[in-house]
Amino acid sequence: MMDNNPEECSVCFNNYGDTLLRPRTLPCGHTFCSQCIDNAIKNGQLNCPSCCAQHTATAATQFPINYGMEAFIRKLKGMEVVPVKTVPTKPNKAPTRGISKKLRSLVEQKSSISSLITSCEEVLSQLGEYRGQLGDWKTQHLQLQDRLYALVEQNKSAMKLLELEDTSVVDMTTQGEEGKTQLQAMLGSLDTVNTAQEVGTTIDTADECSMKVEDWLQKCQELFPDVNTVHTSVKVQETIREALEMTTTETGATADPVHLGDSDSSIMTKVQEITGEISQKEITVEDLRRMSEPVKSLVEAGRVVAVKSLVEAGRVVAVKSLVEAGRVVAVKSLVEAGRVVAVQEDQDGRRSARITLQDGQLYLHPLLRQPTPAHAHTLQESDVVGVLDPSCTLAFLDLGWAGSTRGRVTIRLTPDTPLARQFVLLCTGQRGHTYHNTKLLWVADKGQPGEWVVGGDYKSNDGKGGAPLLPDLQGQYRESGQAGAVLSRCWPLGGPRSAQFIITTRDRQGGDQWSGVFGDVVSGLDVVRAAVNHSNITEVTVVDCGVVLPL
């Protein structure tokens, strides 16, 4: 529908202004005032009031100002309405023209000052964001410094062990040389004995020397090498060499000059041009994998674990992983900012899927035809989906009604069954169809044992559609009488509504079982029950869906 008042915010209907009412554009392309955007942000998420697209956000200032809209509004304000002449007017006197010119000059001056104030506010906001980035870099330098100190301490400890070992070797060498000298003297004495008494004395002395040397030989076998000393020395050397090699190859002594583009770009845009941050070609699934335990938990907790403590705890972690924690922080910030997306190209163009981080879990959302966020970093959808483990797949459905998301339903799918694979396809949109924006259809046995709800008509959204995406859905499926079971609505399988699903919300009684079960709700069953109790089940919508990435 055409907007007849583009100079107004479509939420609060106030004209866009210079401060709280500045127009800002969301990644989905819709524009609203800064105040309404701030009011709409809940728990780090923003649902577009126009198209309901979800965006990760903490403040309106992270979305770009619509300068084109502001220019349009200024042009509207500059237009003068020319009245229809009905009565000839007398020309103004000279003094009146002078006053009018001064008034116009005051108005222009006021407009110029207001524009400068707005520019100041924008640059101050950019400086605040830049200072935050500088603070993050300083923190990362301190963390790296701590790690380097830990390496130095570990190296000192290894050298101390080597010094102790060397002292022991010197002592044992001295004892061995003395024993050898005594044995050589005894050998000469045995050749010069004359009397029986001398023979007996010399033999006794030789036996004593021989016993000492044999004890010395036994001690050498027992004491050397000291396993702890050798193992520690080798490991520390390998660790430090690896760290130094990375530093030599990845940093370099000098940097190539960076040529900045548009001088009107924001400060942070220029910073990203200088640093190169992480290019779209560089980010990989492996970067996301590095965010998994144990590195991810250390980064999220802001903890730096010294190499020494890791070694002493028997948990030796390669220095490369620790050094790359800085990269993990960068990737994590990109994911949290909604700037990492999976893409798929087909004959109809490009589709993209958001990748988000919540409670330490990475989530892949469905492929949709939507604008790719500014400065987005992309991965191929096939590469991301390729990491899914068919033996343990977690899918999710976000249910909402009355204009808000009410909660997430997480489903553990039965390993490697056709219905489970089809469910993943419809949660990720790999085949073009998705459960996104489908509604729940009806409730059976409401309030009774065995209560269940139907959804998933991706085709017509009225219960008449939902054809299977796979040619053969036959397989080994479970039976269950428990609440939270997920099964196909259509039985026998293969019918025109086989993609529709059932979620059971109450246990069955009398030993009755549901057949064709391909998954179980592991969290969010309370959300499904709340949806069932809603006054009109068809108002409940799958506002989002996807899978958990096991990285």
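About the thresholds
- Residues numbered from 1 in each chain as written.
- Predicted model: local features only at pLDDT ≥ 70, side-chain atom pairs only at ≥ 80, totals over all residues.
- Heavy atoms only, no water.
- Helix = DSSP H or I, 4+ residues; strand = E, 2+ residues; numbered from the N terminus.
- Contact = heavy atoms within 4.5 Å.
- Areas by Shrake-Rupley, 256 points an atom, 1.4 Å probe, with all protein chains shown as cover.
- Buried < 20%, exposed > 50% of the residue type's maximum accessible area, 1.4 Å probe, protein only.
- Pairing = 2+ DSSP bridges.
- Patch = residues over 30% accessible without salt bridge, like charges linked within 9 Å, V, L, I, M, F, W, Y side chains within 5 Å.
- Salt bridge = Lys/Arg side-chain N within 4 Å of Asp/Glu carboxyl O.
- pLDDT = per-residue confidence, 0-100.
- Core = buried A, V, L, I, M, F, W, Y, C linked by side-chain atoms within 4.5 Å.

J.: Before we go on, may I ask you to explain the overall build of the protein in this structure?
T.: A tally of helices and strands in the protein yields 14 helices and 17 strands. A separation of at least 24 residues holds for 66% of the contacts in the protein among residues at least 6 apart in sequence. Carbon and sulfur atoms provide 53% of the accessible area of the protein, an area that totals close to 32,300 Å².

J.: Can you help me understand the pairing of strand β6 (residues 349-358) in this one?
T.: Successive side chains on a regular strand alternate, one facing one side of the sheet and the next facing the other. Burial analysis of β6 places seven of its 10 residues in the buried class, which makes it a mostly covered element. Where strand β5 (residues 340-346) and β6 come together, six bridges link them in antiparallel fashion. What sits directly across from V343, in β6, is S352. Counting the residues that bridge the hairpin from β5 to β6 gives two residues. As paired elements, β6 and strand β7 (residues 361-364) share four bridges and run antiparallel to each other. Note on β7: the bridge partner recorded for I355 is L364.

J.: Before we go on, may I ask you to explain a nonpolar patch on the surface in this structure?
T.: On the surface, V123, L124 and L127 cluster together to form a nonpolar patch covering roughly 270 Å² of accessible area. Exposure remark for V123: the relative accessible area of 40% places this residue in the partly exposed category.

J.: So what exactly am I meant to see when it comes to the confidence of the model for the protein here?
T.: A low pLDDT means the predicted coordinates there should not be read in detail. With 80% of its residues at a pLDDT of at least 70, the protein reaches an overall mean of 81. Note on residues 293-323: pLDDT under 50 across the span, and 43 contacts to partners over four residues away in sequence or across chains.

J.: What is the right way to read the pattern of salt bridges from this model?
T.: Side chains carrying opposite charge are able to pair once their charged atoms draw close together. Within this structure, the stated rule accounts for 12 salt bridges. Residue R350 is joined to E345 by a salt bridge in which the shortest nitrogen-to-oxygen separation is 2.9 Å. Since its relative accessible area comes to 40%, R350 is described here as partly exposed. Ionic pairing is found between R354 and D544, a salt bridge with its closest N-O pair at 2.9 Å. Of the two residues, R354 sits in strand β6 while D544 sits in strand β17 (residues 541-549), which places them 190 residues apart along the sequence. Of the residues examined, R354 reaches a relative accessible area of 16% and is grouped as buried. Each of the salt bridges in this network shares a partner with another, and the network as a whole consists of R22, E70 and E122.

J.: Which parts of the structure should I look at to understand the nonpolar core?
T.: Soluble globular proteins: nonpolar side chains tend toward being buried together. The biggest cluster of nonpolar side chains holds 59 residues, and the ones touching the most others in it are I355, L364, L397, L399, F423 and Y435. For this core, the leading source of residues is helix α13 (residues 418-428), giving seven residues. When near neighbours in sequence (up to four residues on either side) are disregarded, L399 contacts T405, R406, G407, V409, L440, V527, V528, A531, V540, T541, V542 and V543. In this structure, C28, C33, A57 and F63 belong to the second largest nonpolar core, which totals 17 residues.

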